[in-house]
Amino acid sequence: MHMSAITKVVSYIIIIFIILSLNFFLPRMMPAGPLSGLTSSDKPVLEQYTNYMTNLMHGDLGWSTSKNAPVWDVLMRSLKWTLLLVGTSTVIYVIVGILSGAVSAWKKGKKTDVGLLVLLISMASFPPFFLGMLFIIFLGWKLDLFPRFGAQTLFIDYSTPFGVVLDILHHLTLPAATLTLTSIGVIYLLTRNSMLNVLGEDYILTARAKGLSEWYIMRRHALKNAMLPIITLVALIVGLVITGTIFVETVFAYPGVGMLVSDAISAHDYPLLQGAFLFIALAILAVNFIADMIYVHLDPRVKQE
Amino acid sequence: MIEDIIVFLKKYKSNKLGLVGLGILIFFVIAAIFAPYIAPYDPGHRYKSTEHPNSAHLLGTNHVGQDIVSELIYGTRVSLFITLFASIAAAFIGTFIGLIAGYFKRLDFFLMRIVDLFLTIPRLPLIIIIAAFMRPSIWNLIFVFALFEWSITARIIRSEVLTFKNRPYVDATRMFGAGDFHILGRHILPNVVPLVVVQLVLVSRYIILAESGLSFIGLGDPTAKSWGMMLHDAFEYPTIFISDIWMWWMLPAGLCIVFTILSLTFIGYALEELVNPRLRRVTTL
């Protein structure tokens with residue numbers, strides 16, 4: 001491993017430690033804390049702390065008062081839906097974001113470019129939950145095209161597994177569209193800028209002079225060189241998307257980890273809130289970590305530092 | 001200084017999107033400042049609940065009978081107040097840390113590790129959980145946002161300070177016996193102010209978005225309702241989507257947020273172009 005990779009690993013370990021500790025100390029720092037009845041405050045803090053850490057290692061996150069089940073089990077039940085939602089949204093926004101950014105740069109100043117810019121920048125100004133509410137009203141109720149809540153139709157027997165998949169995808173469309181549309185502006189703008197920079201380079205002119213087709217130049221010469229800054233950004237946006245699920249899942253009553261956050265807040269179910277927070281925070285950190293490692297690998301300049 | 005501002009304004013005037021953005025923002029700022037004079041009713045007073053728009057209540061009333069127009073106008077106040085104070089506090093901390101880290105080599109490494117930490121930590125989830133453990137109030141929201149949104153500013157200011165601190169004029173000032181803080185305050189700070197302003201706009205854009213989200217999931221101050229809080233109330237109302245109520249309750253509050261964010265985006269782009277001419281080539285909107 002390279003020096004910078006080791007520094008990264010160490011700093012991530014420190015951050016995870018800080019987050020775990022914050023999760024422990026936060027409820028105890030609050031005056032007349034909401035957990036006063038839940039924490040075993042007769043024991044010394046240090047003992048509580050070591051207990052907390054050992055329990056964490058065993059996957060014991062406490063008892064959810066509102067769901068009346070272990071927090072770990074509640075989270076595990078919700079996890080698949082969030083993974084599905086985040087995964088789908090990420091794939092769509094990476095593909096659509098990079099393509100639209102590249103097209104925009106290629107057609108700079110033309111109608112396509114201006115249209116995309118206006119559309120995607122206005123979309124980025126919508127809070128995800130507000131866009132979600134508009135989708136529910138117009139596409140859910142008025143046009144009746146999509147289900148308005150949940151992740152699948154309950155109490156229906158499908159004759160084929162294909163029907164189940166279709167039903168799940170049908171429910172997934174609006175939440176995924178909301179998440180994608182509200183976060184796509186960032187990657188679109190970066191790709192566009194990055195491409196415009198690259199397109200001004202001499203080797204693009206050379207490629208044109210050689211008589212290569214526009215599509216070939218864009219794919220092999222321009223996009224490839226514009227990718228590096230985009231990769232770090234993808235991690236950043238996966239983080240944004242994961243955070244965004246808190247709001248989007250709430251609006252669509254999509255039964256994932258994000259909805260547990262708002263459920264826990266309104267039910268004052270603090271163990272569940274803390275568990276969901278840990279999941280979300282660690283997921284974002286994991287994504288950032290992977291991106292950092294890829295970046296160290298890809299960019300020779302980082303290695304030498 | 002005043003001449004600088006005039007020159008700056010003249011340049012800013014040539015940016016159409018920037019002007020549109022500024023216009024929208026000024027509209028909301030006026031609504032916020034003069035809320036008691038503009039609002040037709042006291043936003044806390046209860047009339048008949050869920051009334052449709054009529055001559056007395058232009059946008060009807062909400063679930064507990066509060067006049068929605070007045071709620072919107074006072075909501076502007078709350079939303080902008082939180083955004084303004086939190087982003088100014090964050091800009092202040094960020095600029096201070098950036099100046100110190102960039103100028104004093106010995107503190108640089110230590111401070112930048114802290115900045116890295118704040119940049120890597122998932123900020124919004126952390127803000128949410130801290131806010132959930134505190135009593136919901138405007139000041140607590142301002143506090144958590146200021147606490148977590150200064151790091152990007154610090155990093156940007158630091159790298160800018162690094163380019164200034166070894167310029168000949170700074171060396172000359174040092175030779176004349178000027179102290180470190182004199183140099184920082186009088187000769188370096190004025191040069192980074194434009195960048196601080198750009199950051200201020202970008203951070204406030206983020207904060208108003210995040211604040212509306214926090215209020216929406218129920219972490220807002222119920223005694224001083226922001227736009228996000230109005231959306232929270234509307235969303236909790238059982239028949240919000242099937243009756244027409246959403247049109248005068250949910251839609252105006254949401255659009256206010258959208259337009260504020262849009263205006264800050266426009267202002268941000270206009271300022272960035274002025275401050276950083278290198279960008280002009282690529283980010284022409």
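Residues numbered from 1 in each chain as written. Chains lettered and ligands numbered in written order. Predicted model: local features only at pLDDT ≥ 70, side-chain atom pairs only at ≥ 80, totals over all residues.

J.: Could you clarify how one ought to interpret the overall build of chain A in this entry?
T.: What chain A contains, in helices and strands, is 11 helices and 2 strands. When the helices and strands of chain A are placed in sequence order, the string is α-α-β-β-α-α-α-α-α-α-α-α-α. In terms of overall dimensions, chain A has a C-alpha envelope of 80 × 55 × 40 Å along the principal axes. The buried share of chain A, reckoned over its 305 residues, is 37%. Of the contacts formed within chain A by residues at least 6 apart in sequence, a portion of 74% connects residues at least 24 apart. (Helix = DSSP H or I, 4+ residues; strand = E, 2+ residues; numbered from the N terminus. Buried ≥ 20, exposed ≤ 12 C-beta atoms within 10 Å, placed from the backbone. Contact = placed C-beta atoms within 7 Å.)

J.: When you look at the overall build of chain B in this model, what are you seeing that I'm missing?
T.: Secondary structure assignment for chain B yields 13 helices and 0 strands. Overall, chain B shows an N-to-C arrangement of helices and strands of α-α-α-α-α-α-α-α-α-α-α-α-α. Along the three orthogonal principal directions, the C-alpha set of chain B runs to about 75 × 45 × 35 Å. Relative to its 285 residues, chain B shows a buried fraction of 45%.

J.: What is the right way to look at the interface of chain A and chain B in this model?
T.: A common way to report how large an interface is uses the accessible area buried once the components associate. In this assembly, 37 residues from chain A lie in contact with 36 residues from chain B. Mapped onto the side of chain A that touches chain B, the elements with two or more residues apiece are helix H1 (3-29), helix H4 (111-124), helix H5 (128-142), helix H6 (161-199), helix H8 (214-251), helix H9 (257-267) and helix H10 (270-298) of chain A. It is H10(A) that provides the largest number of residues to the side of chain A that touches chain B, a total of 7 residues. Considering only residue class, the side of chain A that touches chain B consists of 26 nonpolar, 11 polar and no charged. (Nonpolar A, V, L, I, M, F, W, Y, C, P; charged D, E, K, R; others polar.)

J.: Is there a simple way to think about the packing of helix H4 (residues 68-103) of chain B against helix H13 (residues 250-275) of chain B in this case?
T.: Between two packed helices, both the angle of their axes relative to each other and the distance between the axes serve to describe the pair. Residues and elements named next belong to chain B. Contact pair H4 / H13: the axes reach a minimum separation of 11 Å and the direction vectors enclose 25 degrees. What the angle tells us is that H4 and H13 run roughly parallel. As for how H4 packs across H13, the hand of that crossing is right-handed. Note on element contacts: H13 touches H4 through Pro 252, Ala 253 and Cys 256, opposite Leu 72, Gly 75 and Thr 76. Its residues assigned to classes, the contact of H4 with H13 shows 4 nonpolar, 2 polar and no charged. (Axes fitted to C-alpha atoms, helices over the stretch in contact; angles between N-to-C directions. Parallel < 35°, antiparallel > 145°, perpendicular 65-115°, else oblique. Left-handed = near helix turned anticlockwise from the far one by under 90°.)

J.: Looking at this structure, I do not really get helix H7 (residues 202-209) of chain A. What am I missing?
T.: Helical geometry: 3.6 residues make up each α-helical turn, so side chains three or four residues apart lie on a common side. Burial analysis of H7(A) places just 0 of its 8 residues in the buried class, a small minority of the element. Just downstream of H7(A), A:Gly211 is the residue with a positive phi angle, here 90 degrees.

J.: Before we go on, may I ask you to explain the environment of B:Arg205 in this structure?
T.: Residues and elements named next belong to chain B. Mapped onto the elements, Arg 205 comes out in helix H10 (residues 180-219). Counting along the chain gives 63 residues from Arg 205 to Gly 268, while the straight-line C-alpha distance between them is 8.9 Å. Not counting chain neighbours up to four residues away, the residues in contact with Arg 205 comprise Ile 261, Leu 264, Thr 265 and Gly 268.

J.: How should I be thinking about helix H2 (residues 16-33) of chain B in this particular structure?
T.: Residue and element names in this part refer to chain B. Helix length check: H2, at 18 residues, gives a terminal C-alpha distance of 26 Å against a target of 26 Å (1.5 Å per residue), a fit within 8%. Of the residues making up H2, those classed as buried are Gly 18, Gly 21 and Leu 25. Projected onto a plane normal to the axis of H2, the buried residues spread over an arc of 65 degrees and lie on a single side. Away from its buried face by more than 90 degrees, H2 exposes Lys 16, Gly 23, Ile 26 and Ile 30. (Expected span 1.5 Å × (residues − 1). Arc of directions from axis to C-beta.)

J.: How do you make sense of the environment of A:Gly185 when you look at a structure like this?
T.: Residue and element names in this part refer to chain A. Locating Gly 185 in the fold gives a position in helix H6. Considered as a pair, Gly 185 and Gly 101 are 84 residues apart in the sequence and their alpha carbons are 9.2 Å apart. Discounting chain neighbours no more than four positions away, the residues touching Gly 185 are Leu 120, Ile 121, Met 123 and Ala 124.

J.: Whenever I open this one, the confidence of the model for chain B confuses me. Can you help?
T.: Should pLDDT be low for a region, the predicted coordinates there are not to be read in detail. All names here are of chain B. The predicted model of chain B averages 87 in pLDDT, with 96% of residues at 70 or higher. Ranking the helices and strands of chain B by mean pLDDT puts H4 first, with 94, and helix H1 (residues 2-13) last, with 80. Taken as a whole, residues 279-285 scores under 50 in pLDDT and shows 12 contacts with residues more than four places along the chain or in a different chain. Scored as a complex, the prediction yields pTM 0.88 and ipTM 0.89. (pLDDT = per-residue confidence, 0-100.)

J.: Sorry, what's going on with the nonpolar core here?
T.: Grouped burial of nonpolar side chains is what soluble globular proteins tend to show. Among the nonpolar cores identified, the biggest contains 146 residues, and A:Leu273, A:Ala276 and B:Phe145 are the most heavily contacted of them. Among the elements that line this core, the one with the most residues is H10(B), at 18 residues. (Core = buried A, V, L, I, M, F, W, Y, C linked by C-beta atoms within 7 Å.)

J.: Would you mind showing me how to read the confidence of the model for chain A here?
T.: Within chain A, residue pLDDT values average 83, and 91% of them lie at 70 or more. Mean pLDDT values over the elements of chain A span from 54, in helix H11 (residues 300-304) of chain A, up to 91, in H9(A).

J.: Where do I start with the environment of A:Lys67 in this structure?
T.: Residue and element names in this part refer to chain A. By secondary structure assignment, the location of Lys 67 is in the loop between strand S1 (63-64) and strand S2 (69-70). For Lys 67, a count of 18 C-beta atoms within 10 Å translates into the label partly exposed. Along the backbone, Lys 67 and Leu 272 are 205 residues apart, and their C-alpha atoms lie at a distance of 8.7 Å. In contact with Lys 67, not counting residues within four places along its chain, are Val 74 and Leu 272.

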